[in-house]
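Understanding the architecture of this molecule
The lines below spell out each chain.
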Amino acid sequence: MTTRRIDWPLFVRIGAVLTVAVLAYTSCGTLMPGAGSAVSPSGGVGPGVTDDSVKVVFIGTDLTATASMTGFKNADVGKPEEQVEALAAYVNANGGIAGRKLDAVYREYEASKDSPATETALCSQITQDDRAFAVVLTGQLQSNARPCYAQRRTLMLDATLIADDRATFTQLDPYLWTATYPEYDRFATSFLAVLIREKFFEGRTEAGLIAADTPANKSIFDKLVVPSLREIGVTVDVSWIDTTSLGTLNSGLSQAAVDLRGKRIDRVFFLGGARIAPFFMTSAKAQSFTATYGVSTFDSPIFMVNNPGTVPPESLKGMIGIGFAPAGDVPDSRLEFPATDAERQCLDIFRQAGISFPKRENARVAFTYCDATLLLQKAASGLGPNLNAAAWGEAARQVDFTTAGGFGGKIGADGYAAGTGYRVLKYDTGCSCFTYQGEVTPLGE
């Protein structure tokens, strides 16, 4: 009997602590600057590269146990292992990776067992046992995960909806890239600009911010949030949320709701993802607090609609923000499926292998796999014998590439992410769903 696979949404930290203890930080060793440890672009190959093949590991994260414990509902994403096989067959029938066969390996990761120690074990398996040239990440959230792969010179194509900021990409250069999602700094610039332009803060002198307590969010808060809102006369009451355990999460969100209620703040926005937004709304209802919310793709809009037992439906009224990944934002009734040539290309690759998706939401993991595979192939096409992370990264910035899972195109001369566009996102009470407004706009504007 085939096990139904569920993708890896960012509430995994919350679900995981229901069954595992919070472990001490476990690193892979001291991280050296990424560029310094890369093989020179002028010659040589990276790990997992032979004269005939390139080893790439695709991680699929199984949330079956976690979903069973929490009752969360996510649309079925099909069979990721078969999707990986379809992509490998397509690549190998169309030139391979720099003229070599794509040796694709699928590794499944059990979400309920997530911890720094298990992330280290997974990194060791992929870098030492598999000796992969590249790994496609689909949810590894622990702080030691990405530095571990970078230290071991393994290229990462991050398919996780996670807030990777410019500092993280730069520190791990040339190993960390994303073929679907945006750089966090550019996202935050646009998110704040839209909230201000759409008059989210109009008539208010104070607003609430609920944010995951991470270095990326602290940096964004200081560099962007405070000065942007100061210009329009709004001060920010921020609640930093520790998401490492269910206890710290619940206590932090409940206290934030109490504080905001006491200050009579009725405009609240979110940073950091980790499904903080829907969990806060549940806590807010318990504390008799109501507000209008500013949200984004990081807050999993479709998840909020699909889980009325977790997210009070009345909390959705008036929500506004930005979206950059249609499969997680809007239903097909509000954006035709497929809508772009990139979506059509990926769907055709899967269709050739007998794989189809009833809705865009069902293809959300498959699209990120497809993006990662096609970007890997395209950037490697001219490298010949010199297939290594540094050379690949230089090439990735030069090629024309359009993501199927997000909005955007060419990564650009100094970029690390193919998700370079957004659309305004609003909740529509008429359809009880989120909708897009306006055209795709470059992130950072």
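Residues numbered from 1 in each chain as written. Predicted model: local features only at pLDDT ≥ 70, side-chain atom pairs only at ≥ 80, totals over all residues. Heavy atoms only, no water.

1. Quick look at the environment of Ala-372
Counting through the fold element by element, Ala-372 comes out in helix α15 (residues 364-380). The exposure class assigned to Ala-372 is buried, which follows from its relative accessible area of 3%. For the pair Ala-372 and Ala-159, spaced 213 residues apart in the sequence, the C-alpha separation amounts to 7.5 Å. Apart from residues no more than four positions distant in its own chain, Ala-372 is found in contact with Val-136, Leu-157 and Ala-179. (Helix = DSSP H or I, 4+ residues; strand = E, 2+ residues; numbered from the N terminus. Buried < 20%, exposed > 50% of the residue type's maximum accessible area, 1.4 Å probe, protein only. Contact = heavy atoms within 4.5 Å.)

2. Observations concerning the packing of aromatic side chains
In the structure shown here, the tally under the stated rule is 23 aromatic pairs. When the centroid spacing of 5.6 Å and the interplanar angle of 90 degrees are considered together, the rings of Phe-58 and Tyr-369 count as edge-to-face. Highlighted residues: Phe-58 in strand β1 (residues 53-62) and Tyr-369 in helix α15, separated in sequence by 311 residues. Judged by its relative accessible area of 2%, Phe-58 is buried. One aromatic cluster is present, built from ring pairs that chain together Tyr-181, Tyr-184, Phe-187, Phe-191, Phe-200, Phe-201, Phe-269, Phe-298 and Phe-324. Over the aromatic face of Trp-240 sits the side chain of Lys-218, whose NZ or CZ is 5.0 Å from the ring centroid. We note Arg-267 situated over the ring of Phe-200; from NZ or CZ to the ring centre the distance is 5.9 Å. (Phe/Tyr/Trp six-rings, centres within 6.5 Å; stacked < 30°, edge-to-face > 60°. Lys NZ or Arg CZ within 6 Å of the ring centre and 35° of its normal.)

3. Regarding the packing of helix α10 (residues 246-262) against helix α11 (residues 276-286)
Two elements in contact, α10 and α11, have axes whose closest approach is 9 Å; the angle formed by their N-to-C orientations is 60 degrees. Between α10 and α11, the angle falls in the class oblique. You can see that α10 and α11 cross each other, and the crossing is right-handed. Along the contact surface, α10 presents Leu-249, Leu-253, Ser-254, Ala-256, Ala-257 and Leu-260, while α11 presents Ile-276, Phe-279, Phe-280, Ser-283 and Ala-284. (Axes fitted to C-alpha atoms, helices over the stretch in contact; angles between N-to-C directions. Parallel < 35°, antiparallel > 145°, perpendicular 65-115°, else oblique. Left-handed = near helix turned anticlockwise from the far one by under 90°.)

4. Brief notes about the state of the cysteines
According to the stated counting rule, one finds three disulfides in the structure shown. A sulfur-sulfur separation of 2.1 Å characterises the disulfide bridge that pairs Cys-346 with Cys-370. Disulfide Cys-346-Cys-370: the torsion about the S-S bond is -90 degrees, which places it as left-handed. You can see Cys-346 sitting in helix α14 (residues 341-352) and its partner Cys-370 sitting in helix α15, a full 24 residues away along the chain. Residue classification places Cys-370 among the buried positions, given a relative accessible area of 0%. One disulfide bridge connects Cys-431 with Cys-433, the sulfur atoms lying 1.9 Å from each other. Negative torsions about the S-S bond denote left-handed disulfides, and the value of about -90 degrees found for Cys-431 with Cys-433 makes this one left-handed. (Disulfide = S-S within 2.5 Å.)

5. As for the confidence of the model for the chain
On average, residues of the chain score 88 in pLDDT, and 87% of them reach the 70 mark or higher. Note that pLDDT drops below 50 for residues 1-42; the model gives that stretch 131 contacts with residues more than four away or on any other chain. (pLDDT = per-residue confidence, 0-100.)

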